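Topology and contacts: notes
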Amino acid sequence: MTTPAKVTYNPSSEFQQAIRARVDRYFRMTGRSPKDSVRMYLKTATVILGLAGLYVLTVFVAAAWWQVLLLSVGMGVGVAALGFNVQHDGNHGAYSRVGWINRITGLTMDLLGVSSYIWSRKHNVLHHTYTNVAGHDDDIDLGPLARFAPEQRRFRFHRLQHIYMWALYSVIVPKWQFHDDWAQLIRGRIGSHKLMWPKGWDLVWFVAGKLAWISIFFVVPLMLHPVWAVLTCYVITMAVAGIVLSVVFQLAHVVESRHFPVPDPETGHIDTPWAVEQVQTTADFARGNRLLSWFVGGLNFQIEHHLFPRICHVHYPKIARIVEKMCKRYGIHYHAFPNVWSAIQSHYRWLREMGRPVPATA
Ligand SMILES: [Zn+2]
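Residues numbered from 1 in each chain as written. Predicted model: local features only at pLDDT ≥ 70, side-chain atom pairs only at ≥ 80, totals over all residues. Heavy atoms only, no water.

**Some details on the coordination of the zinc ion**
Inclusion rule: Note that water is not among the atoms considered, so a metal site may appear incomplete; the donors listed are N, O and S atoms within 2.8 Å of the metal, with 3.2 Å applied to Na, K and Ca. Helix and strand assignments come from DSSP, with helices taken as H or I runs of at least 4 residues and strands as E runs of at least 2, each series counted from the N terminus.
For the zinc ion, the protein coordination sphere consists of His88 (NE2), His92 (NE2), His123 (NE2), His128 (NE2) and His305 (NE2), at 2.0 to 2.2 Å. Counting gaps between the donor residues of the zinc ion yields the pattern H-x3-H-x30-H-x4-H-x176-H. Within this pair, whereas His92 is found in helix H3 (residues 65–92), its partner His305 is found in helix H13 (residues 302–307), the two being separated by 213 residues in sequence.

Quick look at the structure:
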């Protein structure tokens, strides 16, 4: 795979401006604010109190092994909910018009052991700018473990990736916590992109976050329980969180019919405007499922999130109607899976397709 160092898009912004004007008009007409939604503050309180409650029950109350098992699974779901709903909006600056509220909500990711400083650069910059571009979008890069994009190198064992990846998703969170954060910081790079060392407050929060995570998940539980019990709970919690987080992400990008743009190997240019490519690389799913939409922080409206990452996710269901209509008008292929199961099947088939031998070119 040849990866040009710098990738550029077609500079035309006609579609982007048209769609932005429509969405701005929606907020003007309804008098709603794109940020600081009361629903979002209530949701944050619910998710944080729920997760804190599960933690207290697991560490201080549960006695039987099956109670601990169920609570650990619940905590995994809670960790994913905090990630989808609170840190994601916070780190995008979509939560509030007030900078420090975004910062604090974004820092909830550090409490879970993943640096928001590094994640923001990977996610906000690399994933949101170079969506599905192999060699640039860190979210589709699991090294040799998986082949998500046609441009990535195929190994023989990828033939089975549609089976083993579901299990591998369970180790993604510990991979971020124990490996990626440190390796990327030490290397000073995320893939081909430079990563600066955190400075000032960023450094303070980085260190404080790591200490808080170790205290919450290891030091406090170890005061009351044996090492094997604490590690077992930790592994279960993070495995559940990893599977839920990974699958929701994969259903939005790594499915059939979505684009994996290939920049010109010489110039790095992609001859499609960025906003158009955001629609073509991304899919929505289960848009009518209100419970799921609540839980995944609107990330089943991923097209809308990619076009408007700085708008709070509670607005995505309404914005989706505008986006879909405008895509139709501009002849851009907007794709929404009717339910979770159809999206899961599509991800399975895409993994299987990418695992097949690459036909030799003449
Ligand atoms: Zn995002």
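**Quick word on the packing of aromatic side chains**
The test is simple: Pairing of aromatic rings covers Phe, Tyr and Trp, the last counted by its six-membered ring, and requires centre-to-centre distances within 6.5 Å; plane angles under 30 degrees mean stacked, over 60 mean edge-to-face, and any other angle means tilted. In this scheme, Lys NZ or Arg CZ marks a charge over a ring once it lies within 6 Å of the ring centre and within 35 degrees of the ring normal.
A full pass over the atoms with the stated rule returns 13 aromatic pairs. Ring centres of Phe15 and Tyr330 lie 5.4 Å apart, and the angle between their planes is 65°; this geometry places the pair in the edge-to-face category. Residue Phe15 is located in helix H1 (residues 14–30), and its partner Tyr330 is located in helix H14 (residues 316–330); the two are separated by 315 residues in the primary sequence. Seen in terms of ring centroids, Phe218 and Tyr234 are 4.6 Å apart; in terms of plane orientation they differ by 45°. Their pairing is tilted. With a gap of 16 residues between them, Phe218 in helix H9 (residues 200–224) and Tyr234 in helix H10 (residues 227–253) connect regions that are remote in the sequence. Positioned above the aromatic ring of Tyr117, the side-chain terminus of Arg121 is 3.8 Å from the ring centre.

**As for the nonpolar core**
Selection criterion: The definition of a nonpolar core used throughout is a set of buried Ala, Val, Leu, Ile, Met, Phe, Trp, Tyr and Cys residues joined through side-chain atoms within 4.5 Å. Note on exposure labels: buried denotes an accessible area under 20% of the residue type's maximum, exposed denotes more than 50%, and partly exposed covers the range between, all computed with a 1.4 Å probe on protein chains only. Whether two residues touch is decided by their heavy atoms; if any such pair falls within 4.5 Å, the residues are in contact.
If you look at the biggest cluster of nonpolar residues, it comprises 54 residues, and the most contacted ones within it are Phe84, Phe148, Met165, Phe217 and Phe285. Of all the secondary structure elements, the ones that give two or more residues to this core are helix H2 (38–61), H3, helix H8 (172–187), H9, H10, helix H12 (290–295) and helix H15 (340–355). For this core, the element with the highest residue contribution is H10, accounting for 9 residues. If sequence neighbours within four positions are ignored, Met165 has contacts with Leu142, Leu145, Ala146, Phe148 and Leu351. Ranked by size, the runner-up nonpolar core spans 23 residues in total, among them Ile19, Val23, Val323 and Tyr334.

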